[in-house]
Amino acid sequence: MTKPPLTLYLAAPRGFCAGVDRAIKIVEMALRKWGAPVYVRHEIVHNKFVVDALREQGAVFVEELDDCPDDRPVIFSAHGVPKAVPAAAAKREMIYVDATCPLVSKVHIEAQRHADNGLQMIMIGHAGHPETIGTMGQLPEGDVLLVETVDDVAHVTVRDPARLAFVTQTTLSVDDTADIVAALHARFPAIIGPHKEDICYATTNRQEAVKAMAPRCDAMLVVGAPNSSNSKRLVEVGARAGCAYSQLVQRAADIDWRALDGITSMGITAGASAPEVLINEVIDAFRDRYDVTIEMVETAKENVEFKVPRVLREHA
């Protein structure tokens, strides 16, 4: 039987970013250096496939430091942790390795610098996300105010409108964040923002590729985890950019084929913590059903690389 033709647009950049790559490498190198088990506080990155693969190698994933024994190494996830966590690990004389993405660490340093200058902090982010918890946890409780929407800006209560600064979560929608920043500037004209945008290069690049791809597609799939902030933002960006059907899938098995009946063009991208093997799995699933022609939609080239911590580069 003849397969129906399908133009498959593949976004570039997509998938792993430098921070995710480094975090996974840190766990693998720690396992090689100290042997199993190595404990990891929170999922190292938000992807079940990646976490399961590391678990098979001997990584043990826990939510709190209290769940770790004193005598085994512990790794902090790429999303960052409150200051109290490494302080507690040091007090227990644990070996710990911080896999926080350097671009998240930059936001932590920024927040601390503003606080040292006597400014109250406002964070644009998602409540309960580990990155938001980690960034807000760099300063004493109550010193950082969280806003999630433009509406929140209207209701936030500050100590002194003339002594304010803001930071953002690195994985937000560029467009949504711009609206919130504009609202902050309108209500607090003296507020100080970051020298350079806090939303990371990888988040921005992946959203730009989706904006270029979405208007050409009948449907679009984002390969990523349901708890991955940057993946969920890609789905929203795709819908807003003109793609009628924009959905998140973890793997090929999650594709709703009935919803795709009659399509002639398909867009595929992946969040920053989704490995290429899962993207290829999705492409293969389309090849099984369609006569696929692949077209790349490339809006940027990435060559960023982050070094792993020195402790892992030294011999045991």
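What counts, and where the lines are drawn
Within any chain, residue numbers begin from 1 and follow the written order of that chain's sequence. At least 70 in pLDDT is required for a residue's local features to be given in this predicted model, at least 80 for side-chain atom pairs to be given and counted, and no such filter applies to totals for whole chains, interfaces and linings, which use all residues. Derived side-chain values reflect all non-hydrogen atoms in the structure, with water molecules and hydrogen atoms excluded from consideration. Put simply, buried Ala, Val, Leu, Ile, Met, Phe, Trp, Tyr and Cys residues joined by side-chain atoms within 4.5 Å make one nonpolar core. Each residue gets one of three labels from its accessible area relative to the maximum for its type: buried under 20%, exposed over 50%, partly exposed in between, using a 1.4 Å probe on protein chains only. Segments assigned H or I by DSSP are reported as helices when at least four residues long, segments assigned E as strands when at least two residues long, and all are numbered from the N terminus. Contact criterion: two residues are considered in contact whenever any of their non-hydrogen atoms come within 4.5 Å of each other. Pairing between strands requires that DSSP locate at least two bridges from one strand to the other. As a rule, the C-alpha atoms of each element are fitted with a line to give its axis, helices using only the stretch in contact, and angles between N-to-C directions run from 0 to 180 degrees.

K.L.:
Go over the nonpolar core with me, naming the residues and quoting the values.
P.N.:
Grouped together as the largest cluster of nonpolar side chains are 27 residues, with contacts concentrated most on V27, I44, V45, L54 and I75. Looking at this core, the elements with two or more residues in it are α1 (18–34), β2 (38–41), α2 (48–57) and β3 (59–62). Per-element tally for this core: the top contributor is α1, with 8 residues. Leave out the neighbours within four places in its chain, and L54 touches I24, V27, E28, L31, I44, A59 and F61.

K.L.:
Can you explain the sheet that holds strand β4 (residues 74–76)? Please cite residues and give values.
P.N.:
One open sheet accounts for 4 strands, arranged β3-β2-β4-β5; its pairing is parallel. Because the sheet does not close on itself, it has two edges, and the strands there are β3 and β5 (96–98). Across this sheet, the average inter-strand angle for adjacent strands is 25 degrees, counted without regard to direction. Pairing analysis gives 3 bridges linking β2 to β4, with the strands arranged parallel. Following the sheet pairing, R41 is matched in β4 by F76.

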